[in-house]
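So the chains spell out like this:
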Amino acid sequence: MIRARSKSWLWWLLATLVVLGALVTRVFWDGRRALADGDRAFAAQKLPAAIDRWSRAARWYAPFAPHVSSAYQRLESLAQSAEAARDVPLALSAWRAVRSAALATRSLYTPHPDKLARADERIAALMARAETSSLDPDKSLAEREAWHRVRLARHEAPSLGWSVLALLGFSAWVGGGFVFAWRGVDEYDHLRRRPAALCGLAVLVGLLVWLTGLYFA
């Protein structure tokens, strides 16, 4: 009986590791491919395509993934070169790609807050300079830049409370399935009604809580 349950846990653990391994492998594979696609587009002087591919590489985020930092470096370098050449549209496109990638990879935390802050700063400065003073002659360049910074700072981050609730719901959902595999049936494969009912309730409530948390987060 104990041996059979141990095997059941091992199968669940193995399945979880396989799924996680497949997800991480895809992140690294597709991230490196997007980075290489961006490099080829840049070499061919297809700069909008390069920005798009590098931004996509940065969005394939995993902790310590080398393609992510490389993608950000390429985007920032292109943005700075465009600024030096006074190509405002290209510089804005590159900085906005940095910003969108940083925002797209948020969860309970922002992986690259320094890059997001830098992108917001440069976008505000470029947009303020691109505007003609005739739109609002009473405002100075610094005032227009500050106006843009305030609006860019509104990142609409996911709610921490609802996100935590979603994680708790997911844990109850998956945990209920694990416990059912361990305690839901006896050694003769007969259903244990009380443990099975409790596990079923945990799965149902966990699923509902998870979906609710995701909806309001």
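Scroll up a little and you will see the structure.
Everything quoted here is computed from the prediction, not taken from an experiment.

A. Expanded view of the packing of helix 3 (residues 66–84) against helix 4 (residues 88–104). As a packed pair, helix 3 and helix 4 sit with axes 7 Å apart at the nearest point and diverge in direction by 155°. Relative to helix 4, helix 3 is oriented roughly antiparallel. Between helix 3 and helix 4 the crossing geometry is left-handed. Packed against helix 3, whose contacting residues are Tyr72, Leu75, Glu76, Leu78, Ala79, Gln80, Ala82 and Glu83, the element helix 4 presents Leu90, Ala91, Ala94, Trp95, Ala97, Val98, Ala101 and Ala102 at the interface. A breakdown of the residues in the contact of helix 3 with helix 4 according to their chemical character gives 13 nonpolar, one polar and two charged.

B. Examining the packing of helix 5 (residues 113–130) against helix 6 (residues 141–152) more closely. Interaxial distance between helix 5 and helix 6 falls to 8 Å at its minimum, and their mutual angle equals 135°. Considered as vectors, helix 5 and helix 6 are oriented oblique to each other. Seen from above, helix 5 lies across helix 6 with right-handed handedness. Contacts from Asp120, Glu121, Ile123, Ala124, Ala125, Met127, Ala128 and Arg129 in helix 5 reach Leu141, Arg144, Glu145, His148, Arg149 and Leu152 in helix 6.

C. Structural detail: the pattern of salt bridges. Within the structure shown, the criterion is met by 11 salt bridges. The residue Asp52 makes a salt bridge to Arg56 at a minimum N-O spacing of 3.0 Å. A residue pair is termed a helical-turn pair when its members lie 3 or 4 positions apart in one helix, as Asp52 and Arg56 do in helix 2 (residues 47–59) at four residues. Taking the relative accessible area as the measure of exposure, Asp52 reaches 33% and is therefore partly exposed. Owing to a relative accessible area of 40%, Arg56 belongs among the partly exposed residues under this scheme.

D. Up close: the packing of aromatic side chains. Summed over all chains, the structure comprises four aromatic pairs. For the pair Phe42 and Trp54, a centre-to-centre distance of 5.6 Å together with 40° between the ring planes defines the contact as tilted. Of this pair, Phe42 sits in helix 1 (residues 2–43) while Trp54 sits in helix 2, and the two are 12 residues apart along the sequence. Taking relative accessible area as the criterion, Trp54 reaches 3% and is therefore assigned buried. Aromatic pair Phe170 and Trp210: ring centres 6.0 Å apart, planes at 55°, arrangement tilted. With Phe170 in helix 7 (residues 160–183) and Trp210 in helix 8 (residues 193–216), this pair connects stretches of sequence that are 40 residues apart. Exposure remark for Phe170: the relative accessible area of 38% places this residue in the partly exposed category. Taking relative accessible area as the criterion, Trp210 reaches 23% and is therefore assigned partly exposed.

E. Spotlight on the nonpolar core. Ranked by internal contacts, the top residues of the largest apolar core, which has 35 residues, are Ile51, Trp54, Tyr72, Leu75, Leu90, Trp95 and Val98. Looking at this core, the elements with two or more residues in it are helix 1, helix 2, helix 3, helix 4 and helix 5. For this core, the element with the most residues is helix 4, which contributes 10 residues. Not counting residues within four places of it along the chain, the set of residues in contact with Leu75 comprises Ile51, Trp54, Ser55, Ala94, Ala97 and Val98.

F. Quick look at a nonpolar patch on the surface. Residues Trp162, Val164, Leu165, Leu168, Tyr215 and Phe216 make up a contiguous nonpolar surface patch of about 620 Å² in total accessible area. Those elements giving two or more residues to the nonpolar patch turn out to be helix 7 and helix 8. Here the element with the most residues in the nonpolar patch is helix 7; it accounts for four residues. Structurally, the position occupied by Leu165 is in helix 7.

What counts and how
- Residues numbered from 1 in each chain as written.
- Predicted model: local features only at pLDDT ≥ 70, side-chain atom pairs only at ≥ 80, totals over all residues.
- Heavy atoms only, no water.
- Axes fitted to C-alpha atoms, helices over the stretch in contact; angles between N-to-C directions.
- Helix = DSSP H or I, 4+ residues; strand = E, 2+ residues; numbered from the N terminus.
- Parallel < 35°, antiparallel > 145°, perpendicular 65-115°, else oblique.
- Left-handed = near helix turned anticlockwise from the far one by under 90°.
- Contact = heavy atoms within 4.5 Å.
- Nonpolar A, V, L, I, M, F, W, Y, C, P; charged D, E, K, R; others polar.
- Salt bridge = Lys/Arg side-chain N within 4 Å of Asp/Glu carboxyl O.
- Buried < 20%, exposed > 50% of the residue type's maximum accessible area, 1.4 Å probe, protein only.
- Phe/Tyr/Trp six-rings, centres within 6.5 Å; stacked < 30°, edge-to-face > 60°.
- Core = buried A, V, L, I, M, F, W, Y, C linked by side-chain atoms within 4.5 Å.
- Patch = residues over 30% accessible without salt bridge, like charges linked within 9 Å, V, L, I, M, F, W, Y side chains within 5 Å.
- Areas by Shrake-Rupley, 256 points an atom, 1.4 Å probe, with all protein chains shown as cover.

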